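Chain by chain, the residues:
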Amino acid sequence: MSRVWLPCGHYHQSYAKDQGWWQTPVIKLKMLLLLGIVLLGVPLLLPGYWVGVCTIIGYTAMGALGVQLLIGYTELITLGHGAFIAVGAYTSTMLVLHFPWPEVLVDLGLAYPLSIVVAGLFAGIWSVIFGLPTIRVKGFYFILTTIAAQFITVDLILTQYVSKIGGRAQSIKIPSDAAKIGPWTMSGDVKPYLLMAVLLILMVMVTANLLRTKRGRAWMAIRDNDVAASTMGINVFYHKLLAFFVAGAMAGVAGAFWVSNTSAMSPEHFPWFLSLKLVGVILIGGIGSIHGAILGAAFWVLVGEFLQMGVLPLADYWPNVLMSFTFLKTAFFGLIICAFLNFEPHGLAYRWWQIKNYFNLWPFSY
Amino acid sequence: QAEEIKIGGIMDTSGATSDVGKDYATGMVDAINWINDHGGVNGKTIDYTWFDYGYRVPEAQTKYSMLKRMGVVAVMGWGTADTEALSTTVMEDQIPYISASYSAHLTDPKDSRYNVFAMADYSTAARAALTAWYDKKWPKHPDYGERKPRLGCFYMFASPYCSAPIEALKDQARILGFKIGPDQDVSLTALDTKSQIMAMKKFDPDVVWHGNTSMSAAATVKDAKALDLDATWILNIWAFNDNLHRLAGKAAEGVMGAAPCAEFGQDFKNMDMLENAAKEYHPGTPLEERFKPTVQAWANALILWEALKRADEAGEITGETILKEGFESMDGYEIGLGAAPVSFSSEDHRPTGKVRVQEWKDGSFDTVEVVDLKKRWPKKWADEWLGY
Amino acid sequence: MLQTSGSSQSTPLLQLKDVHMQFGRLAALSNIDLTVRKGEIYSIIGPNGAGKTVMMNCINGLYRPQQGDIYFKGSRINHLRPYHRANLGISRTFQKIELFGGMSVMDNIRLGRHIYLRSGVLSGSFFLGKAKREEIETRRIIEEEIIDLLEIQHIRDKTVGMLPYGEQKRVELGRALAMDPELLILDEPLAGLNLEEVEDMVRFIMDVNQEERWRVTCILVEHDMGVVMDISDRVYVMSFGRQITEGTPAEVQQDPEVIKAYLGEEDIYATRK
Amino acid sequence: MELFLMTLVTGIMVGGIYALIALGWVVIYKCSGVLNLAMGELTLIGAYVSWWLYSTGIPFVVCVFLTIIIGIILGILTERIFLDRLIGQPLLSVIMVTVGLSFFFRGTAMFIWGPSTKTFHPPVFPQESIHVGMLSITPVFFWSFLVVIGLLIALVAFFKYTRWGLSMQATADDETAALSLGVSVRFVYAASWSIAFITAGIGGALLANINGLNINIAHLGLVVLPAVIFGGLNSIPGAIVGGIVIGILENMTGTYLTQIVPGGIKTIVPFIFLVIFMMFRPHGLWGWVRIERV
Amino acid sequence: MDQNGSILNIQNIEVRYHEVILALKGVSVSVQRGRVVALLGANGAGKSTTLKAVSGLLATEDGKVTDGSIEYEGRRIHNSHAADIAKQGIIQVIEGRKVFEHLSVEDNLKVGAHLRKSGSVKDGLDLVYHYFPRLYDKRGETAGFISGGEQQMLVVGRALMTEPKLLLLDEPSMGLAPMLIQEIFSIIHKLNEEEKITILLVEQNAKLALTVSSYAYILENGRIVMDDYSDKLWENEDIKDFYLGLSDKGGKSFRNIKHYKRKKRWLT
Ligand SMILES: Nc1ncnc2c1ncn2[C@@H]1O[C@H](COP(=O)(O)OP(=O)(O)OP(=O)(O)O)[C@@H](O)[C@H]1O
Ligand SMILES: Nc1ncnc2c1ncn2[C@@H]1O[C@H](COP(=O)(O)OP(=O)(O)OP(=O)(O)O)[C@@H](O)[C@H]1O
Ligand SMILES: [Mg+2]
Ligand SMILES: [Mg+2]
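Worth saying up front: this structure is predicted, and the values here are computed from it rather than measured. (Residues numbered from 1 in each chain as written. Chains lettered and ligands numbered in written order. Predicted model: local features only at pLDDT ≥ 70, side-chain atom pairs only at ≥ 80, totals over all residues. Heavy atoms only, no water.)

1. A look at the overall build of chain C
Right, on to step 1. Along chain C, the regular secondary structure elements total 11 helices and 10 strands.
Right, on to step 2. Rg of the C-alpha trace for chain C: 19 Å, near the compact-globule value of 19 Å for 273 residues, within the 12% margin.
Right, on to step 3. Here the C-alpha coordinates of chain C stretch approximately 65 × 45 × 40 Å along the principal axes.
Right, on to step 4. Residue burial in chain C is summarised as follows: out of 273 residues, 63% are buried.
Right, on to step 5. Accessible area for chain C stands at about 9,700 Å²; split by element, carbon and sulfur atoms hold 50% of it.
Right, on to step 6. Averaging the positions of the 33 positive and the 39 negative side-chain charges in chain C gives two centres separated by 8 Å. (Helix = DSSP H or I, 4+ residues; strand = E, 2+ residues; numbered from the N terminus. Rg over C-alpha atoms; globule rule 2.2 N^0.38 Å. Buried < 20%, exposed > 50% of the residue type's maximum accessible area, 1.4 Å probe, protein only. Areas by Shrake-Rupley, 256 points an atom, 1.4 Å probe, with all protein chains shown as cover. Lys, Arg positive; Asp, Glu negative; His and termini not counted. Charge placed at Lys NZ, Arg CZ, Asp CG, Glu CD.)

Here it is in structure tokens:
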């Protein structure tokens, strides 16, 4: 297989940048602006529906970030990441609903936030279990293990056993006041969105930091050349498991977040398609880039929305075929993915890099 | 310009269940158009906006919130997972949610006050079908009176729809005095079920429940015939339709099932209305391609129509009035279409206890018996069976 | 030209005793005995397919010989995995460049310092405390000692996959040096370089071998006889997995068997037409 | 004993169907190193095309033949339109394109033919089973088994004895090097997709005869993944053996294990088994061993 | 050098990678039919890029000829498909020993014969085995497992199997034992003399390259800085100094190298 080497690591162009987050005033300004948009702009300016869409984007991005870590940074191809989101979601649900929390904690609204943490840890550990075969199995053969993770976790354990806890089979009802953080009940459009935004920002920060320190570099080394990595003193197996843990934990947090955005939890929230979608998201966004995961999620969700919107007006003119249009929508979505990868095989993040490079060289391209 | 009533729809026309979902969605559009062309809701027209959610729960959630934003007063829904995922939300928003999932879980107003549907829920249907067999077929069996009848179950354990009525079915079997054999897991996409049939043969059942949809039902029925499993098959609602005999051929002979409503084109009250509407609003789709989901869609549309009218007469049309003045005031409302009259109350959203049970015989569906569970087991109906 | 610092050179750093490595029916190494002393440049030469790379792989743990023992600093390391041996101070470069193609030059070299970094996942996640301090320190070491030594300032932020071959070789050496190794295995470091680059590379090797800061013992696998004969302290010649001879460059050069199996009659580096 | 034998035979027969679809998967992997996640949809298209032809009154054998021809055309078109620009690009991108293709194919097929369940009318194969001793075999399965064996021989011969067979494998190994030797990678892609379309077409046509066809046929594309992995991603005989082993395994579990461990275990046990199996053979039965040489 | 009779004519090409990285800034090379032409230059000068531009393999690395033209026997070939170019008889031996790792040595060679008429495959194999007996010993082995030098022989041998008209050799001697280096250059010489293959040679071993070639170009930083007949270059002081290492008074040893650093580029 031939490979094109692209920058898919992490960059710090100057000595100083290595030390912190916001170095120059310009970057600081940019970051603040971005934060402002994310935390204030979106919830205040967008209509509720679009806030909801943004929440879905964020949820997708949280899942995709873990997949990015595994595929984009460690080259552990996973087609079963949905399983760990599910584990997180169920852990949190179970904890919130059935765990005998001390009254104080419930009153203070800490039960749910704590459950998010536990969900993250538990999903991380669960994910490590399915990472164990990496000690021998590599490449595409490994994806079988991840698919197994999906089926064993969601289709067997969650569906058959966990879902039946607490009475009604298959779907566990989540009362609207179950997801409570401090005094706020997570309901409506804006509050779940804000929770999502905070969690996502945190995750991006953690990922970015990990990637520029020891562990992250080790992951990338394993991705690029695991034999060489082992001769550099990197314990390849341990680091793979670590990647699984971190990615699984992020998925778990995403799942726990989902609890605040649904009123019943059932295994059908986490179909295999979800896992596949997460991989699609990072491919569209760009392999090996953090903002790729977010851009990809936005692209995926928004294209779906716009296609949906595009079909609606047609209903008035052509009601007969509207039904068939839903298939054209599917087909079109497929076409967009194909076309996208044909013209941007390295994803959105790569185009971003190109533009930056172009401007760096711009006046003097020689 | 007449006043408009905004109704939303969340349908699956492109996802995993689109084989039946599309027909349902089409029928729904027919029905709403027809309603608008026949007086609307006391002169007001219905403005119906629907989305395809591809059988994906998160999408259903965003679609729902979009509909809410548009100001709909009621939503026509589809699958079990998404309906349940939204049930608390719709209760808070006070938007009645009329689904094609007849899961019995949705019938307890304590948990899901705003969920309604027009036909016997899965559990009631399953109980009725088994009872009908017990009433009509078992007495003709050579072993009648000598031993307990034996029941075996085939269904996909992992699917919510398939496993939803199992508990109720087994409960009913115990009430009627059946011996219950081991369950067999059959995937919705099973190609071949010979080994399950062989395993079931050891138990030698008299009656077998199949809880999936038509494709895997056809596969099991065919294999059962090939392997001489001599038992009567009872199929779950979404399996017992015209597709069955098309797929299973001769093996479909004698298969039973609950038919909470009629097949498309069968001679029942209001059916002419469906046919005319189908011809008028979707001339591109030949009538042969319309089947039961269309009828099911109509049934849901018709009860909503009635509820809207009642709400309108009581004053103003809002989600709350539709539920309270509309649905919950219905007592024995006749839909026609072979469905039993429906009643809702604020304690009980089971539409009916009365189910028609049919069998496929000589090229048509024959009614075996109309079972009225509510009348037969009034105490259990009232105290035990709600919501599972 | 031998013996610059007598006493330390006599201590054995690495010993292979009767090492035997078999792939299917092919004996890639048989009865290999050799001793590399501290501080020397020890060259291994032999025709293509002689088993040199296999031997290097055995030393740093990528292969496990079926038989025989490997001692490093006096202790037996047969059972240790490669990352473990790296921790002990064995580092290497590869014949067919094995860089981390998607990462920048800096990050590649930083990876060399992996074993010296101690911070945990948590402090790494938030880039606080120890992790931050360590990173800055690493950066300093790399900038001041390695990048400066190898003269690769101008490419340090480039992705290595895009660099030309010659520069990649240099980066690879930099990465190996970042580990502050005691034993540096160089597998054909000069292949594919032109004269000027060869000279540079040789200079680096000499530097790290002799300068007080490094004092690295080197095992050099190379086909460039001009360099091997000039800079090695001792030369080990092998063919078909077996030792042919061992000795000082001058001795080896004269050995008829070596000439027959490896060097050939002509001196290709001097003659024309 | 009878139960065991029946389970075994059922497993083999169902395995034959898996093998049929697995073949297409392996061919594409073998030639381009790409995991084709659209395999289910190829089967779907094959099934619909042959059903559609049959419903116009053409004899079944001719239908299958025409399906094959249409498959070849579609294979070439797929390469031209969707994959040509991706030659030399990262494999994962190509894999994702197959995901895009799966949406595209599914949507298009459903747009053309509608989602409702279709059946071959009149049935092509007799619905009654053939009885051999105490065993009973559905004719469709029997035929597909024969087809699988035929395809196995044809494909193995193709890869072993033809110039293109070798060059295609070389392409999967190193595209750039193959290009530099004048192997047309576009042709290789087109050919491999055509072959996949052919096997999917035949497989789909037979499959649709079993329980009719609707969108759920696409599901099979993934069910066969364990089979492919078990056999080794680039081994044609491996796909067949894998298909059969997985078929048997599923049915054995279904028969003997579901009672003990209830719940969906039938489709899951093959995965569990495979995860364990791969600890001993990380490249399946006959897959290419990953070369880690420095 | 006159343009007539040249089989390959590269005129003032500019090559970009990823649309932004400019690797060649105007390179013109002309190769006479039946000659060996050498391309020398420091690392990163763009030698490999030039060859890839000719063979069309640039596309696989997201590179493109953005200016100038490449003509082969009068036809413009730049930016056409690599396989089509190969069909016209231009074969590149890629640097980095890209063997088909999972195929056996003999199968590797057979893939090389892809463009040959089927009958002559055996002749091709005989020829390659004749030149590289070592490959004959290893013919059944999986190519990924043979030694680096053997892989180098294999890629050169594989290219010979294609019966090229114009052979683009990228560092053929890399990693070969001294004896084999002599061998491979005599093979290059023979191929040129006996099989009448035109060769464009990129080689770091300037002495040998200038020995076998009749004309040579020096590439620095994406530009041609000097070109002349090989004999003339051999006499050139700069070349002697930087490429041949002959300018020093005799007896220079690599040991003493550290005492002087040289840095000179023609144009930068
Ligand atoms: N993993 C392996 N599996 C099978 N055979 C191997 C393996 N590694 C090496 N060999 C065989 O061992 C022999 C020695 O290979 P090695 O790479 O050590 O040669 P070398 O001396 O480094 O030659 P060169 O100078 O060409 O690099 C080769 O003939 C090769 O075929
Ligand atoms: N795939 C690529 N992407 C981006 N830049 C590249 C790529 N390949 C080469 N380059 C750049 O093009 C320039 C020329 O590289 P090239 O490989 O042609 O050099 P070379 O003369 O062959 O060097 P060497 O002797 O080291 O092989 C270099 O500066 C390199 O950074
Ligand atoms: Mg070697
Ligand atoms: Mg080069």
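Moving on, there is more to tell.
2. Concerning the coordination of the magnesium ion (ligand 3)
Right, on to step 1. Of the protein atoms, only Thr53(C) (OG1) and Gln95(C) (OE1) coordinate the magnesium ion (ligand 3), at distances of 1.8 to 2.2 Å. Placement of Thr53(C) in helix 2 (residues 52–60) and of Gln95(C) in the loop between strand 6 (90–92) and helix 4 (105–112) is noted, with a sequence separation of 42 residues between them. (Donors = N, O, S within 2.8 Å, 3.2 Å for Na, K, Ca; no water.)

3. Remarks on the confidence of the model for chain C
All names here are of chain C.
Right, on to step 1. A residue-level look at chain C finds 93% of positions with pLDDT of 70 or above and a mean pLDDT of 84.
Right, on to step 2. Every residue in residues 1–8 scores below 50 in pLDDT, and together they form nine contacts with partners more than four places removed in sequence or on other chains.
Right, on to step 3. In this model residues 268–273 is a low-confidence stretch, pLDDT under 50, and it forms 17 contacts with partners more than four residues away in sequence or in other chains. (pLDDT = per-residue confidence, 0-100. Contact = heavy atoms within 4.5 Å.)

4. Quick look at the site of ligand 2
Right, on to step 1. Near ligand 2 lie 20 residues; those nearest to it are Met162(C), Gly46(E), Lys47(E), Ser48(E) and Thr49(E).
Right, on to step 2. Taken together, the residues near ligand 2 originate from chains C and E.
Right, on to step 3. Here an oxygen atom of ligand 2 sits 2.9 Å away from a polar atom, N or O, in the main chain of Gly44(E).
Right, on to step 4. Protein coverage of the free-state accessible area of ligand 2, which is 630 Å², stands at 90%.
Right, on to step 5. Every element with two or more residues in the shell around ligand 2 is listed here: helix 7 (165–178) of chain C together with strand 2 (21–32) and helix 1 (47–55) of chain E.
Right, on to step 6. The dominant element in the shell around ligand 2, judged by the number of residues it contributes, is helix 1 of chain E, at three residues.
Right, on to step 7. When its residues are assigned to classes, the shell around ligand 2 shows eight nonpolar, eight polar and four charged. (Near = heavy atom within 4 Å. Polar contact = N/O pair within 3.5 Å; in protein donor to acceptor, adjacent residues only side chain to side chain. Nonpolar A, V, L, I, M, F, W, Y, C, P; charged D, E, K, R; others polar.)

5. A look at the nonpolar core
Right, on to step 1. Counting residues in hydrophobic clusters, the biggest one holds 442 residues, and the most contacted among them are Phe270(A), Ile7(B), Tyr48(B), Trp233(B), Ile322(B), Phe327(B) and Leu167(E).
Right, on to step 2. Per-element tally for this core: the top contributor is helix 1 (residues 2–32) of chain D, with 18 residues.
Right, on to step 3. Setting aside residues up to four positions removed in sequence, Tyr48(B) forms contacts with Ile7(B), Gly8(B), Gly9(B), Met11(B), Met28(B), Val29(B), Ile32(B) and Met76(B). (Core = buried A, V, L, I, M, F, W, Y, C linked by side-chain atoms within 4.5 Å.)

6. Side note on the site of ligand 1
Right, on to step 1. What surrounds ligand 1 is a group of 24 residues, the closest being Thr53(C), Gln95(C), Arg293(D), Lys138(E) and Gly149(E).
Right, on to step 2. In this structure, ligand 1 is bordered by residues of chains C, D and E.
Right, on to step 3. Here Asn48(C) contributes a side-chain N or O atom positioned 2.8 Å from an oxygen atom of ligand 1.
Right, on to step 4. One of the side-chain nitrogen or oxygen atoms of His223(C) is found 2.8 Å away from an oxygen atom of ligand 1.
Right, on to step 5. Within the complex, 95% of the 630 Å² of free accessible area of ligand 1 lies under protein.
Right, on to step 6. Those elements that place two or more of their residues in the shell around ligand 1 are strand 2 (26–37) and helix 2 of chain C together with helix 6 (148–160) of chain E.
Right, on to step 7. For the shell around ligand 1, the class distribution of residues is eight nonpolar, nine polar and seven charged.

7. Some points on the interface of chain E and chain C
Right, on to step 1. Facing the 51 residues of chain E at the interface are 50 residues of chain C.
Right, on to step 2. Where chain E abuts chain C, roughly 4,400 Å² becomes buried across the two surfaces, and 51% of that area is made up of carbon and sulfur atoms.
Right, on to step 3. Viewed at the interface, chain C and chain E are joined by zero salt bridges.
Right, on to step 4. At the junction of chain E and chain C, the tally comes to seven residue pairs in polar contact (both at pLDDT 80 or more).
Right, on to step 5. If you list the elements that add at least two residues to the side of chain E that touches chain C, you get helix 6, helix 7 (178–194), helix 8 (206–212), helix 9 (230–235) and helix 10 (237–244) of chain E.
Right, on to step 6. Class assignment of the residues belonging to the side of chain E that touches chain C gives a composition of 17 nonpolar, 17 polar and 17 charged. (Buried area = accessible area lost by both parts, 1.4 Å probe. Salt bridge = Lys/Arg side-chain N within 4 Å of Asp/Glu carboxyl O.)

8. Brief notes about the interface of chain A and chain D
Right, on to step 1. With 47 residues of chain A in contact, the opposing surface of chain D contributes 59 residues.
Right, on to step 2. Both sides together, the interface formed by chain A and chain D hides about 4,700 Å², and carbon and sulfur atoms give 78% of it.
Right, on to step 3. If you sort the residues of chain A by the area they bury against chain D, Phe140(A), Tyr141(A) and Leu144(A) come out on top, with a joint share of 18%.
Right, on to step 4. Inspection of the region where chain A meets chain D yields zero salt bridges.
Right, on to step 5. Across the contact surface, chain A and chain D share four residue pairs in polar contact (both at pLDDT 80 or more).
Right, on to step 6. At the level of elements, helix 6 (140–161), helix 9 (226–231), helix 11 (272–285) and helix 13 (319–343) of chain A are the ones that each hand at least two residues to the side of chain A that touches chain D.
Right, on to step 7. Split into classes, the residues belonging to the side of chain A that touches chain D amount to 34 nonpolar, nine polar and four charged.

9. Description of the confidence of the model for chain E
Detailed conclusions should not be drawn from predicted coordinates in areas where pLDDT is low.
Residue and element names in this part refer to chain E.
Right, on to step 1. Mean pLDDT over chain E: 83, with 89% of residues reaching 70 or higher.
Right, on to step 2. Taken element by element, the predicted model of chain E shows its lowest mean pLDDT in helix 10 (74) and its highest in strand 8 (residues 198–202) (92).
Right, on to step 3. In this model, residues 259–268 is a region of pLDDT below 50 whose contacts with residues beyond four sequence positions or in other chains number 25 contacts.

10. Quick look at the packing of aromatic side chains
Right, on to step 1. Scanning all chains against the criterion turns up 55 aromatic pairs over all chains.
Right, on to step 2. In this arrangement the basic side chain of Lys309(B) is found over the ring face of Trp305(B), its NZ or CZ atom lying 3.8 Å from the centre.
Right, on to step 3. Taking NZ or CZ as reference, Lys30(D) lies 5.1 Å from the ring centre of Phe159(D), over its face. (Phe/Tyr/Trp six-rings, centres within 6.5 Å; stacked < 30°, edge-to-face > 60°. Lys NZ or Arg CZ within 6 Å of the ring centre and 35° of its normal.)

11. Considerations on the environment of Ala22(D)
Residue and element names in this part refer to chain D.
Right, on to step 1. Mapping Ala22 onto the fold places it in helix 1.
Right, on to step 2. A residue is classified by how much of its surface remains accessible, and Ala22, at 0% relative accessible area, is buried.
Right, on to step 3. Residues Ala22 and Gly231 lie 209 residues apart in sequence; the distance between their C-alpha atoms is 9.7 Å.
Right, on to step 4. Contact partners of Ala22, with chain neighbours within four places excluded, come to Val224, Val228 and Ala239.

12. Remarks on the environment of Tyr83(C)
Right, on to step 1. Of note, Tyr83(C) is situated in helix 3 (residues 82–88).
Right, on to step 2. Sequence spacing of Tyr83(C) and Asn60(C) is 23 residues, and the spatial spacing of their C-alpha atoms is 8.7 Å.
Right, on to step 3. Excluding anything up to four places from it in sequence, Tyr83(C) contacts Ser230(A), Gly233(A), Ile234(A) and Asn235(A).

13. Focus: the packing of helix 2 (residues 48–74) of chain A against helix 11 of chain A
Residues and elements named next belong to chain A.
Right, on to step 1. For the pair helix 2 and helix 11, the least separation of the axes is 8 Å and the interaxial angle reads 75°. Put simply, helix 2 runs roughly perpendicular to helix 11. Between helix 2 and helix 11, the residues in contact are Tyr59, Thr60, Gly63, Ala64, Val67, Gln68 and Ile71 and Leu274, Lys277, Leu278, Val279, Val281 and Ile282, respectively.
Right, on to step 2. Across the contact of helix 2 with helix 11, the residue classes break down as nine nonpolar, three polar and one charged. (Axes fitted to C-alpha atoms, helices over the stretch in contact; angles between N-to-C directions. Parallel < 35°, antiparallel > 145°, perpendicular 65-115°, else oblique.)

14. A word on the coordination of the magnesium ion (ligand 4)
Residues and elements named next belong to chain E.
Right, on to step 1. Distances from the magnesium ion (ligand 4) to its protein donors, namely Ser48 (OG) and Glu95 (OE), fall within the range 1.8 to 2.7 Å. On the criterion of sequence distance, the pair formed by Ser48 in helix 1 and Glu95 in the loop between strand 6 (90–93) and helix 3 (105–112) is long-range, its members being 47 residues apart.
Right, on to step 2. For Ser48, a relative accessible area of 13% gives the class buried.

15. A few points about the arrangement of the chains
Right, on to step 1. In this assembly, eight pairs of chains are in contact, and the pair contributing the most contacts is chains A and D.
Right, on to step 2. In this view chain B stays clear of chain C, with the nearest C-alpha atoms of the two still 30 Å from each other.
Right, on to step 3. Kept free of each other, chain B and chain E leave a smallest C-alpha distance of 37 Å between them.

16. Here we look at the sheet that holds strand 1 (residues 4–11) of chain B
Residues and elements named next belong to chain B.
Right, on to step 1. Strand order in this open sheet of five strands is 2-1-3-4-5, and the pairing throughout is parallel. Both edges of this open sheet fall to strand 2 (45–52) and strand 5 (115–116), since each of them pairs with a single strand only.
Right, on to step 2. Sheet topology note: the strand 4 (residues 97–98)/strand 5 ladder contains two bridges and is parallel. Looking at strand 5, one finds that Ile98 is bridged to Val116.
Right, on to step 3. Packed onto the sheet, helix 11 (residues 292–314) meets strand 1, strand 2, strand 3 (74–76) and strand 4 and runs at close to 170° relative to strand 3. (Pairing = 2+ DSSP bridges.)

17. Regarding the sheet that holds strand 9 (residues 234–239) of chain C
Backbone hydrogen bonds are what pair the strands of a sheet, in a parallel or an antiparallel way.
Residues and elements named next belong to chain C.
Right, on to step 1. Across the sheet, which stays open at both edges, the six strands sit in the order 6-7-8-3-9-10 with mixed pairing between neighbours. Both edges of this open sheet fall to strand 6 and strand 10 (242–247), since each of them pairs with a single strand only. Here the strands of the sheet are splayed against their neighbours by 20° on average, with no regard to which way each runs.
Right, on to step 2. Sheet strands in contact with helix 7 are strand 6 and strand 7 (183–187), and its direction is about 160° off that of strand 7.
Right, on to step 3. Along the sheet, helix 11 (residues 256–263) contacts strand 3 (41–45), strand 9 and strand 10; its crossing angle with strand 10, the most-contacted strand, is approximately 125°.

18. Looking at the pattern of salt bridges
Right, on to step 1. Applying the stated criterion to the full structure yields 47 salt bridges over all chains.
Right, on to step 2. Here Arg376(B) ties to Asp135(B) by a salt bridge, and the two come within 2.7 Å at their closest N and O atoms. Of the two residues, Arg376(B) is situated in helix 13 (residues 373–376) and Asp135(B) in helix 4 (residues 122–137); the sequence distance between them amounts to 241 residues.
Right, on to step 3. With its nearest N and O atoms 3.2 Å apart, the salt bridge here joins Glu73(E) to Arg33(E). Of the two residues, Glu73(E) is situated in the loop between strand 4 (63–72) and strand 5 (75–76) and Arg33(E) in the loop between strand 2 and strand 3 (36–41); the sequence distance between them amounts to 40 residues.
Right, on to step 4. It is possible to trace a salt-bridge network through shared partners that takes in Arg113(C), Glu145(C), Asp180(C) and Arg213(C).

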